[in-house]
Amino acid sequence: DSGVTQTPKHLITATGQRVTLRCSPRSGDLSVYWYQQSLDQGLQFLIQYYNGEERAKGNILERFSAQQFPDLHSELNLSSLELGDSALYFCASEGGKGYTFGSGTRLTVV
Amino acid sequence: AQSVTQPDIHITVSEGASLELRCNYSYGATPYLFWYVQSPGQGLQLLLKYFSGDTLVQGIKGFEAEFKRSQSSFNLRKPSVHWSDAAEYFCAVGGGGYNKLIFGAGTRLAVHP
């Protein structure tokens, strides 16, 4: 157990739908990163939050949004889903001991 | 631009043979360097990291990596590969201090018995 918890582990949904992925960072870590891993794009950085504030934005689609709550957990919202959004979504948290990744959420859009 | 290049997409080695996976990076500041391993359908496991100090870094599972600033490289090595090492390996660079990690495209390792 890395200490970073992602739920759900698997998600199957239809095109056009909206889903929410959740990430609980390791205790004491203030920063959360979201990554998307797909076969054709590799590991792509989506967005970073630090202590509730957006800190950096990467290749995140406008259909996607995220937030970090006061208890430091983060949610990634994906809407108007397309087949191409099928991927493994990782979150990582960072504190004084470096980056720690969760086990990911596998999203399948059908 | 910040980037990581892993020149080898696929590598096949025989069990017991030595292994070297290449990684080159481009980063404007002092880099923090990482190697992760991912088994099929699994998450990312940290093998080792370099922040500063000794340029030869020891990691888990018998892996080591050497930071060469002059070559902008951080190659991963293992003297004797086991069948269980078959997986995908990712090199990553970051700046620490709450800066994002940038990943290479990965190298898929196959191990022949």
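Residues numbered from 1 in each chain as written. Chains lettered and ligands numbered in written order. Predicted model: local features only at pLDDT ≥ 70, side-chain atom pairs only at ≥ 80, totals over all residues. Heavy atoms only, no water.

> Tell me what's going on with the interface of chain B and chain A, and back it up with residues and numbers.
Across the contact, 18 residues belong to chain B and 18 residues belong to chain A. Buried surface at the junction of chain B and chain A, summed over both partners, amounts to about 1,500 Å²; 60% is from carbon and sulfur atoms. Counting across the chain B and chain A interface gives 0 salt bridges. Across the contact surface, chain B and chain A share 4 residue pairs in polar contact (both at pLDDT 80 or more). Among the secondary structure elements, those contributing two or more residues to the side of chain B that touches chain A are strand 5 (32-38) and strand 10 (87-94) of chain B. Per-element tally for the side of chain B that touches chain A: the top contributor is strand 5 of chain B, with 3 residues. (Contact = heavy atoms within 4.5 Å. Buried area = accessible area lost by both parts, 1.4 Å probe. Salt bridge = Lys/Arg side-chain N within 4 Å of Asp/Glu carboxyl O. Polar contact = N/O pair within 3.5 Å; in protein donor to acceptor, adjacent residues only side chain to side chain. Helix = DSSP H or I, 4+ residues; strand = E, 2+ residues; numbered from the N terminus.)

> Would you mind going over the nonpolar core in detail, with residue names and values included?
In this structure, Leu19, Trp35, Leu47, Leu48, Phe74, Leu76 and Tyr89 of chain B are the most contacted members of the largest nonpolar core, which totals 28 residues. Mapped onto this core, the elements with two or more residues apiece are strand 2 (10-14), strand 3 (19-21), strand 5, strand 6 (45-50), strand 8 (64-68), strand 9 (73-78), strand 10 and strand 12 (107-112) of chain B. For this core, the element with the highest residue contribution is strand 10 of chain B, accounting for 4 residues. If sequence neighbours within four positions are ignored, Leu47 of chain B has contacts with Trp35, Tyr36, Val37, Gly59, Ile60, Lys61, Phe63, Leu76 and Tyr89 of chain B. Listed in part, the 20 residues of the second largest apolar core include Cys23, Tyr49, Leu76 and Cys91 of chain A. (Core = buried A, V, L, I, M, F, W, Y, C linked by side-chain atoms within 4.5 Å. Buried < 20%, exposed > 50% of the residue type's maximum accessible area, 1.4 Å probe, protein only.)

> So what about the sheet that holds strand 1 (residues 5-7) of chain A? Which residues, and what values?
Residues and elements named next belong to chain A. Judged by pairing direction, the sheet is antiparallel, and its 4 strands sit side by side in the order 1-3-8-7 without closing on themselves. Of all the strands in the sheet, the pair left with one neighbour each is strand 1 and strand 7 (64-68). Across the sheet, the mean angle from the axis of one strand to that of its neighbour is 15 degrees, orientation sign disregarded. As judged from the 3 bridges shared by strand 1 and strand 3 (residues 19-24), these two strands associate in the antiparallel manner. (Pairing = 2+ DSSP bridges. Axes fitted to C-alpha atoms, helices over the stretch in contact; angles between N-to-C directions.)

> How would you summarise the packing of aromatic side chains if you had to cite specific residues and measurements?
Residues and elements named next belong to chain A. Going through the model one piece at a time under the given rule, you end up with 18 aromatic pairs over all chains. With 5.6 Å between their ring centres and 55 degrees between their planes, Tyr33 and Tyr99 make a pair best called tilted. Here Tyr33, found in strand 4 (residues 31-38), pairs with Tyr99, found in strand 10 (residues 98-101); they are 66 residues apart in sequence, far enough to count as distant. You can call Tyr99 buried: its relative accessible area is 6%. Here Arg55 stacks its cationic end above the ring of Tyr50, 5.8 Å away from the centre of that ring. (Phe/Tyr/Trp six-rings, centres within 6.5 Å; stacked < 30°, edge-to-face > 60°. Lys NZ or Arg CZ within 6 Å of the ring centre and 35° of its normal.)

> If you had to explain the layout of surface pockets to someone new, which residues and values would you point to?
Approximately 530 Å³ is the volume found for the largest pocket. Forming the walls of the largest pocket are 26 residues, and the residues nearest its centre are Gln37, Ser38 and Leu39 of chain A together with Glu88 and Arg108 of chain B. When residues of the lining of the largest pocket are traced back to their parent elements, those giving at least two are strand 4, strand 5 (42-50), strand 9 (87-95) and strand 11 (105-109) of chain A together with strand 10 of chain B. Ranked by residues supplied to the lining of the largest pocket, first place goes to strand 11 of chain A with 3 residues. Residue composition of the lining of the largest pocket, by class: 9 nonpolar, 13 polar and 4 charged. A volume near 230 Å³ is recorded for the second largest pocket. (1 Å grid on protein atoms, 1.4 Å probe; cavity = no way out; pocket = protein on both sides within 12 Å on 5 of 7 lines; lining within 4 Å. Points joined across faces, edges and corners; volume = space filled by probe spheres on them. Nonpolar A, V, L, I, M, F, W, Y, C, P; charged D, E, K, R; others polar.)

> How would you summarise the pattern of salt bridges if you had to cite specific residues and measurements?
Pairing of side chains with opposite charge becomes possible as their charged atoms draw close. Residues and elements named next belong to chain B. Following the criterion strictly, the structure yields 9 salt bridges over all chains and no others. Across the salt bridge formed by Arg77 and Glu66, the nearest N and O atoms sit 3.2 Å from each other. Of this pair, Arg77 sits in strand 9 while Glu66 is found in strand 8, placing the two residues 11 residues apart along the sequence. Using a relative accessible area of 23% as the deciding quantity, one classes Arg77 as partly exposed. Among the residues examined, Glu66 registers a relative accessible area of 23% and is labelled partly exposed. Across the salt bridge formed by Asp85 and Lys78, the nearest N and O atoms sit 2.8 Å from each other. The exposure class of Asp85 is buried, given its relative accessible area of 4%.

> Report on the pairing of strand 8 of chain B, specifying residues and quantitative values.
Residue and element names in this part refer to chain B. As paired elements, strand 7 (residues 56-58) and strand 8 share 3 bridges and run antiparallel to each other. By the bridge assignment, Val57 is partnered in strand 8 with Ala65. Remark: 5 residues form the turn of the hairpin made by strand 7 and strand 8, two consecutive strands paired antiparallel; Lys61 in that turn has positive phi of roughly 60 degrees. Summarising the sheet, strand 8 and strand 9 pair through 5 bridges and their orientation is antiparallel. Bridged to Ala65 within strand 9 is Leu76.

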